[in-house]
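# Survey of secondary and tertiary structure
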Amino acid sequence: MVDLLIKNGFVYDPLNKINGEIMDIAVKDGKIVERVDGKRLKKIDARGMMVMPGGVDLHSHIAGAKVNMGRLLRPEDHYKDVEPKTAKTRSGVGHSVPSTFTTGYRYAKMGWTTVMDPAMPPLKARHTHEELNDTPIIDKGTYPLLGDSWKVLETLRDGRIEDCAAYVAWELSVTKGYAIKIVNPGGLEAWGFGRNVRDINDPVPNFNIAPREILRGLCKVNRLLHLPHTIHVHTNNLGKPGNLENTMKTMQCVEDLANDGKPAIHITHCQFSAFAGNDWRTFESGAEKIARYVNRHSHVTLDMGQVIFADTTTMTADGPFQFILYQLSGNKWINGDVEAETSSGIVPFNYKRSSYVHSMQWSIAQELALLVEDPWKIYLSTDHPNAGPFTAYPRIIAWLMSRKAREKTMEKINRKTKSKSLLTSIDREFTPYEIAVASRAGQAKALGLKNKGHLGIGADADIAVYDLNPEKTDLSKNPRMIRRAFKRAAYTIKDGRVVVKNGEIVEVVAGRTIWVDVDTGKPLSETISALRENFGTYYTVQYENYQVPENQIAVSAPMHVRADA
Ligand SMILES: [Zn+2]
């Protein structure tokens, strides 16, 4: 492998507090090093360009059973967006649910190098990993859905936190998962009986436990196991007017579990959980209240869930929410139940500028990002493909960096939204440094990925170079240039190899699958054999067919952590 020297770029590396300094970045054997010299050296002239760590996405539905059902449900999503085969790449299709190969290429073209799929039913782990294996270039991981697992509900109801922790450790290793995902805690189990839970205090049918106890229990488990990321939470009542109050309660309910000022909970695609009002007619933004809370507390992180005005595909484990969306839209839909674990649903959805609700949703996500003062607390996302496809990130970056870009969009949206949106009163514009936090450094930090999201010595050489000159261009006045630059990275470097040049794939590498292997410090084998013995009382499949052996992961990258003994 040749060494690389990226010369004279404006470097934005927030984890190392580097803010646009003109510097060289040296790369050897896939890692960032202090210096390189010698014959096998390739120089990249980044003069007048921005150099950032490779993009990191902690929430994007890119693989697994429901993603694939989304592909099957929507032929119309594909035939308008076809990627022909090239000398380097395979053919594929987009638009909102791209094929696996296309997903990897499109992220890389934008300069993104690490992406987490946030919703894997443990029972569907094999399928998820088969698709992740087929997703090239990017490093990836996936979060098992554990908030409605019967084993979790039983152990937490009985106050057996340590048994729950052993179970979670086991699930992470058996499914090769990365973090604890909780979706509408308790609500998915209730949905099995055609019901839902009303808020975090509403008991789950048949289990005599409330969502609050699930959240607190799994938050404690997360701490016991020293997992790299916090619990990753999709709140109850997501997508419903007035859900703001329950979102506040969700953040508050783990306030006392914050660990030395470190985050204890991540509220994902917060836009969908920041609705004020009593019904769709009185629907309003709740962003201000949430931002005020997050500004005053250090135990919460958020991601945006930015709505894009486009035809997209919603897909989530939140089966009851998807049923509501089906009723609202009348579109074709799929709903599913995964035995003893979770539910799911898929509904195509078109976000329209002319709709008051949709354009308010667009505004709410922007308001959240701009009103939360610390960019380390809120990250770029569209909850791909729920609020829009990830390929819209350059557009979101332009909105965040340019008031002019926001105003331009405001001119075209629903008139009532214009009078209700807080955006007209917000002047803030993100700097390139803040963009680097929201789209890479902050996300890597939240995920506990020590070698990602920065350009310090020893970091993985995942680097993006954008043809954007902050000295020559008044960026906020030129949102078009921002969009163009982030859409097609001048260079994307993955593990020290140039994989993208001028927005085109020039080399394809296989990314790693990162998963967490917990050493529980006590005989986990006992717990595992007990789980194996009882396996048949929970599942219709054999244990042997449930687990994902490590040799079925194309490039396995376990992260070893040690639990409290
Ligand atoms: Zn999601």
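About the cut-offs
Residues numbered from 1 in each chain as written. Predicted model: local features only at pLDDT ≥ 70, side-chain atom pairs only at ≥ 80, totals over all residues. Heavy atoms only, no water. Helix = DSSP H or I, 4+ residues; strand = E, 2+ residues; numbered from the N terminus. Rg over C-alpha atoms; globule rule 2.2 N^0.38 Å. Buried < 20%, exposed > 50% of the residue type's maximum accessible area, 1.4 Å probe, protein only. Contact = heavy atoms within 4.5 Å. Areas by Shrake-Rupley, 256 points an atom, 1.4 Å probe, with all protein chains shown as cover. Lys, Arg positive; Asp, Glu negative; His and termini not counted. Charge placed at Lys NZ, Arg CZ, Asp CG, Glu CD. Donors = N, O, S within 2.8 Å, 3.2 Å for Na, K, Ca; no water. Patch = residues over 30% accessible without salt bridge, like charges linked within 9 Å, V, L, I, M, F, W, Y side chains within 5 Å. Salt bridge = Lys/Arg side-chain N within 4 Å of Asp/Glu carboxyl O. Pairing = 2+ DSSP bridges. Axes fitted to C-alpha atoms, helices over the stretch in contact; angles between N-to-C directions. Phe/Tyr/Trp six-rings, centres within 6.5 Å; stacked < 30°, edge-to-face > 60°. Right-handed = clockwise from strand over helix to strand, strands pointing away.

Further remarks concern the overall build of the chain. When its secondary structure is counted, the chain shows 19 helices and 26 strands. Against the 2.2 N^0.38 benchmark of 24 Å for 565 residues, the chain shows a C-alpha radius of gyration of 22 Å, consistent with a compact globule. The 565 residues of the chain split such that 63% are buried. In the chain, 77% of the contacts between residues at least 6 apart in sequence involve partners at least 24 apart. When the accessible surface of the chain is summed, it comes to about 21100 Å², and 47% of that surface belongs to carbon and sulfur atoms. Taking the 73 positively charged and 65 negatively charged side chains of the chain as two groups, their mean positions are separated by 6 Å.

At this site the zinc ion is bound by H59 (NE2), H61 (NE2) and D383 (OD), with donor distances of 2.1 Å. Mapped onto the polypeptide sequence, the residues donating to the zinc ion form the spacing pattern H-x1-H-x321-D. Separated by 324 residues along the polypeptide, H59 in the loop between β6 (55-57) and α1 (65-73) and D383 in the loop between β20 (378-379) and α13 (393-401) bring together distant segments of the chain. With a relative accessible area of 0%, H59 lands in the buried category.

Turning our eyes to something else, we now look at a positive patch on the surface. Taken together, the side chains of R353, K404, K408, K412, R480, R483, R484 and K487 present a region of like positive charge at the surface. Of all the secondary-structure elements, those providing two or more residues to the positive patch are α14 (403-412) and α17 (479-487). Considering every element that reaches the positive patch, the biggest residue donor is α17, with four residues. Secondary-structure assignment places R353 in the loop between β19 (342-350) and α12 (356-371).

Time to look at the pattern of salt bridges. When the charged atoms of two side chains lie near each other, side chains of opposite charge can form a pair. In the structure shown here, the tally under the stated rule is 33 salt bridges. With a shortest N-O distance of 2.5 Å, D460 and K31 are connected by a salt bridge. With D460 in the loop between α16 (432-447) and β21 (463-466) and K31 in strand β3 (residues 31-33), this residue pair connects regions lying 429 residues apart in the sequence. A salt bridge links R160 to D163; the shortest N-O distance between them is 2.9 Å.

Once that is clear, we can look at the sheet that holds strand β18 (residues 334-338). Taken in spatial order, the three strands line up as β17-β19-β18 in an open sheet, and their pairing is antiparallel. If you trace the sheet from one side to the other, it starts and ends with β17 (311-316) and β18, each paired once. Each neighbouring strand pair of the sheet contributes to a mean axis angle of 15 degrees, computed without reference to strand direction. Judged from the five bridges that link them, β18 and β19 form a sheet pairing that is antiparallel. Bridging across to β19, G336 finds its partner in S344. Against the sheet, α1 contacts β17, β18 and β19, and its axis sits at roughly 35 degrees relative to β19.

This paragraph deals with helix α5 (residues 150-157). Of all the residues in α5, the buried ones are K151, V152, L153, T155 and L156. Remark: G159 follows α5 within two positions and exhibits a positive phi of approximately 70 degrees.

This brings us to the packing of aromatic side chains. All told, the structure shown has 22 aromatic pairs when counted by the stated rule. Ring geometry for Y466 against F486: centres 4.2 Å apart, planes inclined by 35 degrees, an arrangement best described as tilted. Here Y466 is found in strand β21, whereas its partner F486 is found in helix α17, with 20 residues between them in sequence. Judged by relative accessible area, which is 1%, F486 ranks as buried. Between F535 and Y546 the ring centres are 4.9 Å apart and the planes differ by 70 degrees, which places this aromatic pair in the edge-to-face class.

Turning next to the sheet that holds strand β12 (residues 231-234). With respect to topology, five strands assemble into an open sheet ordered β11-β12-β13-β16-β20, the strand pairing being parallel. The two strands at the open ends of the sheet, each matched to only one other strand, are β11 (181-183) and β20. Relative to β12, β11 runs parallel, the two sharing three bridges. If you follow V183 over to β12, its bridge partner there is H234. Sitting on the sheet, helix α9 (residues 244-252) is in contact with β12, β13 (265-267) and β16 (300-303), with an inclination near 160 degrees to β13.

Across the nine residues that make up strand β9 (residues 112-120), a large majority, nine, are buried. Note: β6 against β9, three bridges, orientation parallel. Residue pairing across strands places D57 opposite V115, the latter belonging to β9. Bridge count for β9 against strand β10 (residues 139-144) is five bridges, and the pairing is parallel. Bridge assignment links T114 to a residue of β10, and that residue is D139. This β-α-β element, β9 to helix α4 (residues 125-133) to β10, shows right-handed connectivity.

Keep in mind that these numbers describe shape and distance, not what the molecule does.
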